[in-house]
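# Working through the structure, step by step
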Amino acid sequence: MRDYAVVGRQLFLQRIIIYSAAILLAGYYYDTSTALFFYAMVWLGEAFDGYVFNQILRWRDRDWAKARHFVLMIYIGTLFSATVIASFSISLAAQQGHTMHFWALFMLFSAAIFAAINNHQILSVLVLRLSIYIAALLFIPIRDLVATNPPLSSPLWLQFFTVLFVLSFILECSRSFLVGYVKNLRYINALVAEHEKTKAAYNAKQEFLATVSHELRTPLTAIKGALQLIGSGALGTVPPKMQHLFNMASSNSESLANLVNDLLDLQRAETGKLELHIEPIELGAVAAATVDRTRPYAARFDVTLHMEQPKREYWVNADRHRIEQVLVNMLSNAAKFSETGGRVEISLGAHDDQISLAVKDYGIGIPKDASEKVFEQFSQVNSSDIRRHGGTGLGMNISRHIMQAHGGEIDFESVEGVGSTFYVTLAEDKTIRPQPIPDMRKSA
Ligand code: ADP
């Protein structure tokens, strides 16, 4: 019914143009007042149908009483408008006398084809409309035959036979459009069912991931705590024979904890539950502290981090911990994907009320055709990355979610084999006047 209403509304203009042209011609060549009368009837029918279509398209509940009411309204509208067209054609034929009725029959034929193409959504409505047109199509030539009783050689008989041919064509046309529509409907229903299944599977996966991540986090925190206690020496020094195994356990529990945290963040981001504690933060100071904290990690790859000293403060409204998380992701990637002995440069700048922070490396770079992969989930540009550099392929995806939640962005420029510059941008907080920074906060 909805499909019927949508198509009915879409074709309003087309119908009005066709009716106006046909009736204008009829008014010119035949009786003007009859033509005007039918034109008014056409508009009346259109107004009624328009009202019914609007009601149907606004209808949201599953009230069957309403559905029955709408079907009845559609029947009334169809009966009315088809009768108007049929009577118009019959009245034209009557004005022409007992002769060939090219005009009237052609008008009916067009209306029937138009219905066959466009009104197949409700079969009974199509049958009703076509029955009225077909009755009129047959009535016009039969009336002439009955009134004049011509010999078989008369053109009036030819007219009658032609109408019969045309009728079979109309029926075939309706059948093929109907079959096409039903087939489409079946495909759509199958797609909807498939979509529902996929949605259910996706929700189950999300729930599973959330539960497992939560369940993993608690024992993992205990393991990490125990290892940290052993590593601190509070329980005595680790025997040299155990040191290697101890280091392995520590670094693996660290990786596992990162993975679990990433999975939980991903979960929050996807369900829109990434809570932000927005406050004014000075991005330069946050970046400097994060760079300092990431230096030991970069040192593992023999990479040094160099932060260009900002000349002034850069205030933004953001969640400090989340921004630090994004910066750590950018810095650790820059270190991971640099050559041994490489250098990573961090700089801040302002442009059009936007603050941007860039992390530039001279590492392996990212091929042009792989740039989409960087921000995808569980995705790494090169499948060997995971073995060579570790990582989960989640960091950049989560970072993008975080930046979008801030109304900011994260992006990069890169040349394969030359290096990459990843940058984040955030709106500057204009309510705080930035102070110049004396040349003391050097970080190298
Ligand atoms: P991962 O945990 O694998 O680092 P990310 O989401 O942080 O996951 O990054 C996704 C992928 O983007 C990386 O595996 C890597 O292929 C590519 N990438 C990210 N940063 C850089 C960079 N600075 N240089 C080269 N490739 C990078």
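Treat the numbers as computed from the prediction; the structure is a model and nothing was measured.

### Describing the overall build of the protein chain
Helix and strand counts for the protein chain stand at twelve helices and seven strands. For the protein chain, whose C-alpha radius of gyration is 38 Å, the value lies well above the compact-globule estimate of 22 Å for 444 residues. Referenced to the eigenvectors of the C-alpha coordinate spread, the extents of the protein chain come out at roughly 120 × 50 × 45 Å. For the protein chain, with 444 residues in total, the buried portion stands at 42%. Accessible surface computed for the protein chain: about 25,200 Å², of which carbon and sulfur atoms make up 62%.

### Thoughts on the pairing of strand β7 (residues 419-427)
When you tally the buried positions in β7, you get seven out of nine residues, the bulk of the element. Taken together, the eight bridges between strand β5 (residues 354-361) and β7 define a ladder with antiparallel strand orientation. Its bridge partner lying in β7, L357 is registered against V424. Examined bridge by bridge, strand β6 (residues 409-415) and β7 share seven bridges and lie antiparallel to one another. The residue bridging I410 from the neighbouring strand is V424, located in β7. With antiparallel pairing between neighbouring strands as the criterion, β6 and β7 make up a hairpin whose turn holds three residues, including G417 at a positive phi of roughly 85 degrees.

### A closer look at the sheet that holds strand β4 (residues 343-351)
The five strands are arranged β2-β4-β5-β7-β6 in an open sheet whose pairing can be described as mixed. Taken across any chain shown, the strands that pair with only one partner, and hence form the sheet edges, are β2 (304-307) and β6. Each adjacent strand pair in this sheet contributes to an overall mean axis angle of 20 degrees, direction not counted. Across the sheet, helix α12 (residues 395-405) lies against β6 and β7, angled at about 135 degrees from β6, the strand it touches most.

### Re the nonpolar core
In summary, soluble globular proteins display a tendency toward joint burial of nonpolar side chains. The biggest cluster of nonpolar side chains holds 44 residues, and the ones touching the most others in it are L283, I323, M330, I346, L357, V359 and I410. For this core, the leading source of residues is helix α10 (residues 320-336), giving seven residues. Judged by nonpolar contacts, the second largest core, of 37 residues, contains V84, W103, A111 and V163.

### Remarks on the packing of α10 against α12
Two elements in contact, α10 and α12, have axes whose closest approach is 10 Å; the angle formed by their N-to-C orientations is 145 degrees. For the element pair α10 and α12, the recorded crossing hand is left-handed. Each of R322, I323, Q325, V326, N329, M330 and N333 in α10 lies in contact with α12, whose residues at this interface are G395, M396, I398, S399, I402 and M403. By residue class, the composition of the contact of α10 with α12 is seven nonpolar, five polar and one charged.

### Thoughts on the domain arrangement of the protein chain
Structurally, the protein chain comprises domain 1 (2-149) and domain 2 (279-427). A C-alpha centroid distance of 67 Å is found between domain 1 and domain 2.

### Section: α10
For α10, with 17 residues, the first-to-last C-alpha span of 24 Å sits near the 24 Å given by 1.5 Å per residue. For α10, the buried fraction is high: 14 of the 17 residues fall into the buried class. Capping the start of α10 is the job of one residue whose side-chain oxygen sits 3.0 Å from the backbone nitrogen of H321: D319.

### Regarding the environment of G408
As for its position among the elements, G408 is in the loop between α12 and β6. Taking the C-alpha atoms as reference, G408 lies 31 Å from T211; in sequence the two are 197 residues apart. Those residues in contact with G408 that lie beyond four places of it in its chain are M403, T425 and L426.

### Focus on helix α1 (residues 2-10)
When α1 is considered as a whole, its buried residues turn out to be Y4, A5, V7 and G8. Taken end-on, α1 shows its buried residues confined to a sector of 170 degrees, consistent with a single buried face. Those residues of α1 hidden inside the fold are in contact with α2 (12-29), α3 (32-58), α4 (64-96), α5 (102-118) and α6 (123-148).

Cut-offs applied
- Residues numbered from 1 in each chain as written.
- Predicted model: local features only at pLDDT ≥ 70, side-chain atom pairs only at ≥ 80, totals over all residues.
- Heavy atoms only, no water.
- Helix = DSSP H or I, 4+ residues; strand = E, 2+ residues; numbered from the N terminus.
- Rg over C-alpha atoms; globule rule 2.2 N^0.38 Å.
- Buried < 20%, exposed > 50% of the residue type's maximum accessible area, 1.4 Å probe, protein only.
- Areas by Shrake-Rupley, 256 points an atom, 1.4 Å probe, with all protein chains shown as cover.
- Pairing = 2+ DSSP bridges.
- Axes fitted to C-alpha atoms, helices over the stretch in contact; angles between N-to-C directions.
- Contact = heavy atoms within 4.5 Å.
- Core = buried A, V, L, I, M, F, W, Y, C linked by side-chain atoms within 4.5 Å.
- Left-handed = near helix turned anticlockwise from the far one by under 90°.
- Nonpolar A, V, L, I, M, F, W, Y, C, P; charged D, E, K, R; others polar.
- Domains from an automatic or database assignment.
- Expected span 1.5 Å × (residues − 1).
- Polar contact = N/O pair within 3.5 Å; in protein donor to acceptor, adjacent residues only side chain to side chain.
- Arc of directions from axis to C-beta.

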